[in-house]
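Descriptive analysis of the structure
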Amino acid sequence: AQSVAQPEDQVNVAEGNPLTVKCTYSVSGNPYLFWYVQYPNRGLQFLLKYITGDNLVKGSYGFEAEFNKSQTSFHLKKPSALVSDSALYFCAVRDGRDDKIIFGKGTRLHILP
Amino acid sequence: DAGVTQSPTHLIKTRGQQVTLRCSPKSGHDTVSWYQQALGQGPQFIFQYYEEEERQRGNFPDRFSGHQFPNYSSELNVNALLLGDSALYLCASSGREWGTEAFFGQGTRLTVV
């Protein structure tokens, strides 16, 4: 069965500094990997995805993520954090042979002005 | 494009009652998934509907049931409500292409008292 782990409950970063939100996954087949962001009292907004190809994928709002097959990781990154990036971030995985998307427990990103 | 729409946005029910939540998928999407997000947790997969049939189901009791209509809209029904059913219920729609990301609605906040 597929699973996702987000080892950090919260990440604090100063505005203007680079940020990384960690994610590791476990699937039986080929992984489809996603990052979503959630603002208070809102649904989830899609940021980016990895299906195949280039290990570095670029997404919305300047975010990018690096797929590492050997480490089964898909860390979210941004070169320069903004206060408006403060939100709850979810990593998710879909097994290539399955339809449902499984989410991690989330990491709260707090950007300090 | 209206995106994924859910109704109602908020709901308060009493233990033992029944509730129906509604979802209209994004235009062009034919697959609808439902998730339960408890406070401080990641979304948990309830079930997925495609071609008016339940295609997959997560680890939820039979009190949770659903339906998909010919226009791809969907309902989530929960019977015999428990206090523990209080959560944000998210609907997500996706297309047929493998690896496509899911688009989420704003959610329905259900409070059971």
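First, a word on what this report is: a plain description of the structure on this page. (Residues numbered from 1 in each chain as written. Chains lettered and ligands numbered in written order. Predicted model: local features only at pLDDT ≥ 70, side-chain atom pairs only at ≥ 80, totals over all residues. Heavy atoms only, no water.)

A closer look at the side chain of Glu 64 of chain A
Residue and element names in this part refer to chain A. Applicable threshold: Secondary structure is summarised from DSSP: a helix means a run of H or I of at least four residues, a strand means a run of E of at least two, and numbering begins at the N terminus for each. N or O atoms closer than or at 3.5 Å make up a polar contact, with two conditions inside protein: a donor-capable atom paired with an acceptor-capable one, and, for residues adjacent in sequence, both atoms drawn from side chains. Throughout, a contact is declared for two residues whenever any of their heavy atoms are within 4.5 Å.
Position of Glu 64 relative to the elements: it lies in strand β8 (residues 64-68). Among the polar contacts listed, one links the side chain of Glu 64 to the side chain of Lys 58, at a separation of 2.9 Å. Setting aside its immediate chain neighbours within four residues, Glu 64 contacts Leu 48, Leu 56, Val 57, Lys 58, His 75, Leu 76 and Lys 77.

Side note on the environment of Thr 72 of chain A
Residue and element names in this part refer to chain A. Within the secondary structure layout, Thr 72 lies in the loop between β8 and β9 (73-78). Spatially, the C-alpha atoms of Thr 72 and Glu 8 are 16 Å apart, while their sequence positions differ by 64 residues. Thr 72 has contacts with Cys 23, Thr 24 and Tyr 25, leaving out every residue within four places of it along the chain.

A short note on the interface of chain A and chain B
For clarity, the cut-off: A simple way to read buried area is as the amount of 1.4 Å-probe accessible surface that goes missing from two parts once joined, with both sides added. Think of a salt bridge as a Lys or Arg side-chain nitrogen and an Asp or Glu carboxyl oxygen that are within 4 Å of each other. All residues other than Ala, Val, Leu, Ile, Met, Phe, Trp, Tyr, Cys, Pro, Asp, Glu, Lys and Arg, Gly among them, are scored as polar; the first ten of these are nonpolar and the last four charged.
Each partner contributes to the interface: chain A provides 22 residues, whereas chain B provides 21 residues. In terms of surface lost to chain B, no three residues of chain A exceed Leu 44, Asp 99 and Phe 103 of chain A, which account for 27% of the buried area on that side. On the surface where chain A and chain B come into contact, there are one salt bridge. When the shortest N-O distance is used, the salt bridge between Glu 101 of chain B and Lys 49 of chain A registers 2.7 Å. Taken together, chain A and chain B are joined by six residue pairs in polar contact (both at pLDDT 80 or more). Where the side of chain A that touches chain B is concerned, the elements lending two or more residues are β5 (31-38), β6 (44-50) and β10 (87-95) of chain A. Ranked by residue count, the leading element in the side of chain A that touches chain B is β5 of chain A, at four residues. Its residues assigned to classes, the side of chain A that touches chain B comprises nine nonpolar, five polar and eight charged.

A closer look at the sheet that holds strand β8 (residues 74-78) of chain B
All names here are of chain B. Note the cut-off: Following DSSP output, two strands are said to pair if at least two bridges run between them. Working convention: axes come from line fits to C-alpha atoms, limited for helices to the stretch in contact. Angles between N-to-C directions cover 0 to 180 degrees.
With respect to topology, four strands assemble into an open sheet ordered β1-β3-β8-β7, the strand pairing being antiparallel. Each edge of the sheet is formed by a strand with only one pairing partner; in this case those strands are β1 (5-7) and β7 (64-68). The sheet shows a mean angle of 20 degrees between the axes of neighbouring strands, direction not considered. Alignment of strand β3 (residues 19-24) against β8, held across five bridges, turns out to be antiparallel. Residue pairing in the sheet places Arg 22 in a bridge with Glu 75 of β8.

A closer look at unusual backbone geometry
Rule in force here: Buried residues are those whose accessible area, probed at 1.4 Å on protein chains only, stays under 20% of the maximum for their type, while exposed residues exceed 50% and partly exposed ones sit between those limits.
The linkage connecting Ser 7 of chain B with the following residue, Pro 8 of chain B, adopts the cis geometry, with an omega of -10 degrees. With a phi close to 60 degrees, Tyr 61 of chain A is a non-glycine residue in the positive phi region. Of note, Tyr 61 of chain A is situated in the loop between β7 (56-58) and β8. In this structure, Ala 80 of chain B takes a positive phi of about 45 degrees despite not being glycine. Along the polypeptide, Ala 80 of chain B turns up in the loop between β8 and β9 (87-94). For Ala 80 of chain B, a relative accessible area of 37% gives the class partly exposed.

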